Amino acid sequence: MYYNFHDIEKKWQKYWEDNKTFKTPDDFSNPKKCYILDMFPYPSGAGLHVGHPEGYTATDIISRYKRMKGFNVLHPMGWDAFGLPAEQYAIQTGTHPAITTKENCDTFRRQIKELGLSYDWDREINTTDPKYFKWTQWIFIQLFNTWFDEDLQKGRPVSELPVPEDIIKSGEAAVREYVDSRRLAYYDNAMVWWCPDCRIVCSNEEVLFDGSHEKCGNPVEKKNLKQWMLRIPLYAERLLKGIDGLDWPEGIKEMQRNWIGRSTGAEVDFRLDGLEESLRVFTTRPDTLFGATYMVIAPEHPLTRKITTKSHRESVDNYIKAASLKSDLDRTDLAKEKTGVFTGRYAINPVNREKIPVWVADYVLTGYGTGAIMAVPAHDNRDFEFAEKFNIPVICILDPDITDPEQKKKITEGREAWTGDGRYINSADTNTGIDINGLNMEAGIARMTQWLESENLGSAKVNYKLRDWLFSRQRYWGEPFPVIHWEDGEISVMDEKDLPLELPELEKYLPGDSGESPLANAGGWLEVRDKNGRKGRRETNTMPQWAGSCWYYLRFIDPHNDRQIFDPEKEKYWMPVDIYIGGAEHAVLHLLYSRFWHKVLYDLGIVSTDEPYRKLFNQGMILAYAYENETGARIAADMVTERGGKFYHTETGTEVKQIIAKMSKSLKNVVNPDDVVLKYGADSLRLYEMFMGPLEVTKPWDEKGVKGVFNFLTRVFRFFTENANISTGSDEDPEILKKLHQTIKKVETDIENLRFNTAISAMMIFLNLATKKGKVNSETAGIFARILSPFAPHLGEELWSMFGNGESIAYQPWPEVNEEYLREEVYEYPVSFNGKLRFRIELPLSMDKEEIIEKVVSDERAKKWLETGTLTNVVVVPKRIINIVLKN
RNA sequence: GCCCGGAUGGUGGAAUUGGUAGACACGCAGGACUUAAAAUCCUGUGGGCAGUAAUGCCUGUAUGGGUUCAAGUCCCAUUCCGGGCACCA
């Protein structure tokens, strides 16, 4: 019989749709639940690419498998549909982004349905749907109305914020200012990255290290704009601690830890000679205070101008101006030379009361720590480089733990920086009474911190790299902020009952070039008046794309609820997400932001878990073959032909090299899933995506591989649809039975461990045996159809119904492994001599060690090797190996 | 520079976590079927040496060393490739 995958797949897709086979019941009586989530896509105009089905197939296999295991499975899909491309298209053509978005979603939905993925389509969500973003706005209001209680390490409603007496006395405006300064969401001037090409504000994360915009590649500039910010650093400690308990890939966890960037040290106050103020610094090495020979203050530090003496004013002003014009690229370490100027001011080193110069230099950043440092050139590479350039003394105060006398000498003489451990020298002062000489680094830091605290000169301090999250964009196609700016300066959020605030219709979507959002042209939409006649203007910024994706997993739980964000009972049942699969490109930002929002919602009692995603898995990227000539120039794939395993340019005939590269339009090596489905069917596409290799690795697409799995499915179909191959009796070949149960077991553990490639290989091995034997009984056939069905669901259903079963295979119980069939009596031992395999011998597993040795040593084949030396030992590992150790 | 991964046949990849390296698949070669081709099926396939042959031996998991009865797997050093971070004091 001919494997007509096209008809089979259409038939079952229709069946699943008509019968709503995968609709998830709101029935919480089943204690076994599993929430299996994909990172929902941005529906681009280009349609699905083959990277999408990789993760989707993986979650689909798990979902189908879990259903067969009796779990109540939540497996939804939706669209992260706000974003630039639709808006860019609107600017060019005048088409409303909602129209483009709808078209793209329709394409994506059609393509996904053609892959036979078992989503509950009744739960489909779209971030651009006002019914959805109503709740995104609602969460923003919660953030606005929350402050972080440092003592309890917990977010709390601002209504519970204790306001100091003196502030209450100063009047309403002061109270408002005080409260606003503690909200998790706040509105403030911020130096932000501005992309003149996209006319959009970018977050730090969207600016590449070379100073270009991640989205368009053009250079970005700095601009000072009023922006919405979220105080994510307040949750830094919670976000960091939470990582430990997560079943996530270690690499991703490490990336999040690095991003949060916790570092412990101390803040120390340095008195400034001739001024009232002192200069506070953060250091991770308070132990090196005796080596501090100068200080550095960042150009943007509020004290910089103030501490500068008259004679140095001009040079410092010039320096500050120059620094402000520099891009961040120029300020990073890629710019070879460090720069800086002396302020003319001296500070007093608290440990020995010596005067040290204060410099201004842009290698110190305003945003981190206190924006000023004490510089210890002997024990910090950056300070060393700076001191060398400006001839500042380098005083070694730590005798390094190294043996190389040459290097040791260099370090102690201040000709090289040493950042490792050692014993302190020159680190005592009789006037101030501190002495850490002879201690090692750990003890030195502890002693010095203690001393600073006791003398009131400083205190232990923890700092994080994580910065406030810039949460607004000057775009049209995003969630409007439910915010009103009143004429008297008050900023308020809308009443929850008035949500959603929908986007106004506009004639032009082009943003202004001064950093204004297109919404600034929205006319009447902008104007608001309260019941007392006070005038207000709506916020014209919109939220970034992260907003909608930060919490979508919660809405899937109860997507049509218009009274609540979700029903708390349902949330309690389904959360947390049991497995979350998607690309590693979201390792830091999406996952960190999402965890942050979740923790706030947890603190407010809205969600029941502290973390949203229990297990995370990243699928690897799918690459494609590409070609280059001997000069390294890339050749488009349609210009290359293959002959005898070599590749040639179709026009010039010269040989070209096959390489592996990302799929791109210019290389003409983009694989469209629609084409694959048309040619080989959805089941083949699914199977190939899983068979290519481990889910997490980057791997190249090869159409020949698709043919391989297509062959397998064809052979499955032909074997099981041939009546002569299926016996009706209950007798089964013991070899078939054993292999069958091995296969069930292998497929089961492989699915649990997301090793789909080897699960498929196990099924291939089974089919090879069945084909060889030429016959299996109907029970075996039914079992095979069931274990195949999560991978190739259309074929699974087809076989199942052909075997005369009425209902869908989707909820049939997963076959039980019968250990009885797996038991083995004998084992073919490999026998090696001094670790080299020489022959094999079949022995009963019940045989004890002595007998085994005797049997092996007396074997005819062993003679030859035993003569080569004297027997000293025989290692017998039951069910593994026998190794005979000989000595000469 | 720092932090994570990784390197196994012609190719994608297996290897029970220290115990038969190369499962499964692709490709290739030979054969069957066919007027022929495609499709399909069967056989072989890491490299080398010897043999008509069954087979036997040597060698082999990026490189060099080490631990062990035994190393693709563990340890040390090196090279290359991928990802992330980047003056965070």
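Per-chain numbering applies: the sequence of each chain, read as written, is numbered from 1 onward. Ligands are numbered from 1 and chains lettered from A, in the order in which they are written. Reporting in this predicted model follows two pLDDT cut-offs: at least 70 for local features of residues, and 80 or more for side-chain atom pairs to be given and counted; totals over whole chains, interfaces and linings ignore these cut-offs and use all residues. Only heavy atoms go into the side-chain values, all of them from the structure, while hydrogens and water stay out.

## Some remarks on the sheet that holds strand β39 (residues 881-887)
For two strands to pair, DSSP has to find at least two bridges joining them. Secondary structure is summarised from DSSP: a helix means a run of H or I of at least four residues, a strand means a run of E of at least two, and numbering begins at the N terminus for each. Ordered by their spatial adjacency, four strands build an open sheet running β37-β36-β39-β38, and the pairing between neighbours is mixed. For this open sheet the edge positions go to β37 (836-844) and β38 (870-877), each flanked by a neighbour on one side alone. When strand polarity is set aside, the average angle formed by the axes of neighbouring strands in this sheet is 20°. Bridging between strand β36 (residues 826-833) and β37 involves eight bridges; their strand directions are antiparallel. In the sheet register, Pro830 faces β37, and the bridge partner there is Arg840. Interaxial angles span 0 to 180 degrees and are taken between N-to-C directions of axes, which are lines fitted to C-alpha atoms, for helices over the stretch in contact.

## Some details on the pairing of strand β25 (residues 535-538)
Relative accessible area decides the class of each residue, using a 1.4 Å probe on protein chains only: under 20% of the type maximum gives buried, over 50% gives exposed, and in between gives partly exposed. Only one face of β25 is buried, namely the one carrying Gly536 and Arg538, since none of Lys535 and Arg537 on the opposite face is buried. Pairing geometry for strand β22 (residues 483-486) and β25, over three bridges, is antiparallel. The residue bridging His485 from the neighbouring strand is Arg537, located in β25. As judged from the three bridges shared by strand β24 (residues 527-529) and β25, these two strands associate in the antiparallel manner. Across the sheet, Val528 pairs through a bridge with Gly536, a residue of β25.

## Digging into the packing of aromatic side chains
Ring pairs shown here join Phe, Tyr and Trp side chains whose ring centres sit within 6.5 Å, with only the six-membered ring taken for Trp; geometry is labelled stacked below 30 degrees between planes, edge-to-face above 60, and tilted in between. Here the structure, examined in full by the defined rule, presents 55 aromatic pairs. Seen from their ring centres, Phe144 and Trp228 are 6.0 Å apart, and the 70° between their planes marks the pair as edge-to-face. Remark: Trp228 occurs in strand β9 (residues 221-230) and Phe144 occurs in helix α5 (residues 130-144); sequence separation between them is 84 residues. No difference in accessibility class separates Phe144 from Trp228, as the two residues are buried. Centre to centre, the rings of Phe720 and Phe784 are 5.1 Å apart; their planes meet at 15°, and the pair counts as stacked. You can see Phe720 sitting in helix α22 (residues 703-721) and its partner Phe784 sitting in helix α25 (residues 778-788), a full 64 residues away along the chain. On the accessibility criterion, Phe720 (4% relative accessible area) is buried. Looking at Phe784, the relative accessible area reads 0%, which means it is buried. Above the face of the Tyr363 ring, Lys338 is positioned so that its terminal group lies 5.3 Å from the ring centre. In our convention, an over-ring charge means Lys NZ or Arg CZ found within 6 Å of a ring centre and within 35 degrees of that ring's normal.

## Observations regarding the pattern of salt bridges
Any carboxyl oxygen of Asp or Glu within 4 Å of a side-chain nitrogen of Lys or Arg constitutes a salt bridge here. All chains considered together, the criterion is met by 64 salt bridges. Taking the shortest distance from any N to any O, the salt bridge between Glu798 and Lys11 comes out at 3.0 Å. Here Lys11 lies in helix α1 (residues 5-19) and Glu798 lies in helix α26 (residues 793-802), a separation of 787 residues in the sequence. In the salt-bridge network here, residues are joined through shared partners; they are Arg238, Arg595, Lys599, Asp603, Asp610 and Glu611.

## Overview of helix α3 (residues 84-93)
Three or more residues of α3 are buried, namely Leu84, Ala86, Glu87 and Ala90. Angularly, the buried residues of α3 cover 165° about the axis, an arc narrow enough to put them on a single face. The inward-facing, buried residues of α3 contact α4 (97-113) and β8 (200-202). At the C-terminal side of α3, Gly94 shows a positive phi close to 80°. By definition, the arc is the one covered by directions from the helix axis to the C-beta atoms. Should any heavy atoms of two residues lie within 4.5 Å, those residues are considered in contact.

## Considering unusual backbone geometry
The step from Leu499 to Pro500 runs through a cis peptide bond, and the omega angle for that step is -5°. Its location among the elements puts Pro500 in the loop between β23 (491-493) and β24. Of note, the amide linkage connecting Met575 to Pro576 takes the cis form, showing an omega dihedral of 0°. The residue Pro576 is located in the loop between α18 (568-574) and β26 (579-583) in this model. With a phi close to 55°, Asn391 is a non-glycine residue in the positive phi region. You can see Asn391 is positioned in the loop between α13 (381-390) and β16 (398-400). A positive phi angle is found at Asn834, which is not glycine, with a value near 50°. Structurally, the position occupied by Asn834 is in the loop between β36 and β37.

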